[in-house]
Amino acid sequence: MKYQRSILVAFFVAIFCFTCTSCIAQGIDTVYFNKSWRLCEKPFASYYRVAKIHTDSLLFYVGKVQDYYMNDTLQMEGNYAPFGMKEGSFSFYHPNGKPYAIGQYTGNQMDGLWEYFYPDGRPQLKIDLAGNPSNFSVLEAFDSAGVMTASNGTGKFQAFVQYRNIESVFRLEGKVLEGKKNGTWNFYAVHRALGKEVLFVKEVYEKGVLKKGTVYTAYPTPGITATYKEMPDHVSIWGFDKLPSTELFLKDPVSFPNRYNNDDLIEYFYTGKTSSYDVKDSSYFGSMMGVLTSLNRSPIIKKFNEPNKIYGGEVIFTTNDSGNIKEVEVNGNLSETEKDQMSFFFRKFKNIHEVADEDADVLTEHRIYFYSVVIADFVPLRYLPDYPEKVFIFSPLPYRAFIDFLKTKKKRKAKQK
């Protein structure tokens, strides 16, 4: 009976592994991420990943995974088991290629020894998770000058941790004695309203025993909000921000606007192509309105948001007989990256209706303008505090004509009242 059970287990494991393998995307093995680690197209990428992707009913990575900065410097390497869980050695790297963190995952959880390093490669922290990220032991620690501050589980250290279930990263300054928590542990976090780091929690330990915990508030009035003496397993080593995002296959809405399912993502994994902006309409006017509506979506205009720049320029483009973009020329005060991105957006359009004019041959060159609308140019001074300073838009009119149009429209409304 025991022998038969072993055969059955081996059989089902083999079937499962075969199923997983047969559902791995065959089209691409390189995907791109933006700076927030959301899947995107290459022109908007800050990182890229080389990996195999399981694309059946569930999406997950299988086998060796390597992430790179866009200059081809390794950012992370690790391994995902057949079920899509992190398993085995993982290494993370600073942008200069020096190691940032090295350790093990077991069953999708950080485990065992983990070592952290400063950007110049010098050691920063060595901890032992012993199968429980909420009960880590500090073995060694070094300050930024290279001075050892903790050795053999005794001394002071700094680490980034998660406190309770709060989805924020806290900088912990603590002390240990012979491997146990000892003395004062201070937890700091950046306060959103104040825009700076403040003390959030202070805990006092004696040879591993919590004596008192104090929770502070810094805004609007500094003070103490709570105290406690018992809170087991409430502090855990912070993982890596990127992993939840990449493992959930979160999408950049510019590249993957489908909010309701991952059909566009699956198609991309197999073909390497993302969806075009289809502006098919019964008239040229309708198609151009579709182009402008697509361009003025929030995820796109946010790409052109340098705070101290007043944008201005135009895009000249031509279409072929099928209504697809043939040539694009971008003029204006854009960076090279912004020009590449804007050109990329325009090349995604298809099925633009032809111009229904007898002399359509002279109208095959189309223009769309872009600029920062300075709100003060048409909103009375007393209302300005209620508006942003400027808004980036794509428009069929040059800037001055657009402002005149707004002012004329405003006067007509005033007369109607």
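Note that the structure is predicted; figures quoted are calculated from it, not measured.

Asker: Looking at this model, I keep getting lost on the side chain of Lys309. Mind explaining?
Answerer: By the secondary structure assignment, Lys309 is in the loop between helix H5 (298-301) and strand S21 (312-319). One polar contact links Lys309 to Glu338, side chain to side chain, over a distance of 3.1 Å. Excluding its chain neighbours within four sequence positions, the residues that come into contact with Lys309 are Asn333, Leu334, Ser335, Glu338, Ser372 and Lys390.

Asker: I keep staring at unusual backbone geometry and nothing clicks. Help me out?
Answerer: With the exception of glycine, the majority of residues adopt a negative phi angle, and the majority of peptide bonds are in the trans configuration. That bond from Tyr219 to Pro220 is cis: its omega, 0°, falls within 30 degrees of zero. Among the structural elements, Pro220 can be located in the loop between strand S17 (209-217) and strand S18 (223-228). In the Ramachandran plot, Asn108 falls in the positive-phi region, its phi being about 75° despite a non-glycine side chain. Tracing the sequence through the fold places Asn108 in the loop between strand S7 (99-106) and strand S8 (109-117).

Asker: Just to check I follow, could you spell out the pairing of strand S5 (residues 74-80) for this structure?
Answerer: Consecutive side chains along a regular strand alternate between the two faces of the sheet. Burial analysis of S5 places five of its seven residues in the buried class, the great majority of the element. Direction of pairing for strand S4 (residues 59-69) relative to S5: antiparallel, over a ladder of six bridges. By the bridge assignment for S5, Val65 is matched with Gly78. Hairpin connection from S4 to S5: four residues lie between these consecutive antiparallel strands, with Asp72 at a positive phi of about 75°. In the sheet, S5 pairs with strand S6 (residues 88-93) via two bridges, with the strands oriented antiparallel. Following the sheet pairing, Glu77 is matched in S6 by Ser91.

Asker: Could you clarify how one ought to interpret the pattern of salt bridges in this entry?
Answerer: Should their charged atoms come close, side chains of opposite charge can pair. The tally for this structure, following the rule as stated, stands at 12 salt bridges. Between Asp67 and Lys242 there is a salt bridge, with its nearest N and O atoms 2.4 Å apart. With Asp67 in strand S4 and Lys242 in helix H2 (residues 242-247), the pair connects residues that are 175 residues apart, well separated along the chain. The same class applies to Asp67 and to Lys242, which are both buried. Between Lys309 and Glu306 there is a salt bridge whose closest N-O contact spans 3.7 Å. Each of Arg49, Asp67 and Lys242 takes part in one network of salt bridges that share partners.

Asker: Help me out: how do you make sense of the side chain of Ser255 in this one?
Answerer: Position of Ser255 among the secondary structure elements: in the loop between H2 and helix H3 (263-271). Looking at Ser255, its side chain comes within polar contact range of the side chain of Glu41, at 2.9 Å. Residue contacts for Ser255: discarding those within four places in its chain leaves Cys40, Glu41, Phe44 and Thr274.

Asker: Mind showing me how you'd approach the nonpolar core here?
Answerer: Side chains that are nonpolar tend, in soluble globular proteins, to be buried together. Core analysis: the largest hydrophobic core is formed by 87 residues, its most contacted members being Tyr61, Trp114, Phe136, Phe157, Phe269, Met342 and Phe394. The dominant element in this core, judged by the number of residues it contributes, is S4, at five residues. Not counting residues up to four positions away in its chain, the partners in contact with Phe157 are Leu125, Phe136, Val138, Ala141, Thr149, Leu172, Glu173, Gly174, Lys175, Val176 and Trp185. In this structure, Tyr369, Val373, Ile393 and Phe402 belong to the second largest nonpolar core, which totals seven residues.

Asker: Can you walk me through the environment of Ser89 in this structure?
Answerer: With respect to the helices and strands, the residue Ser89 is situated in strand S6. As a C-alpha pair, Ser89 and Thr106 span 17 residues in sequence and 9.1 Å in three-dimensional space. Apart from the residues within four sequence positions on either side, Ser89 is in contact with Glu77, Gly78, Asn79, Gly103 and Gln104.

Conventions and cut-offs
- Residues numbered from 1 in each chain as written.
- Predicted model: local features only at pLDDT ≥ 70, side-chain atom pairs only at ≥ 80, totals over all residues.
- Heavy atoms only, no water.
- Helix = DSSP H or I, 4+ residues; strand = E, 2+ residues; numbered from the N terminus.
- Polar contact = N/O pair within 3.5 Å; in protein donor to acceptor, adjacent residues only side chain to side chain.
- Contact = heavy atoms within 4.5 Å.
- Buried < 20%, exposed > 50% of the residue type's maximum accessible area, 1.4 Å probe, protein only.
- Pairing = 2+ DSSP bridges.
- Salt bridge = Lys/Arg side-chain N within 4 Å of Asp/Glu carboxyl O.
- Core = buried A, V, L, I, M, F, W, Y, C linked by side-chain atoms within 4.5 Å.

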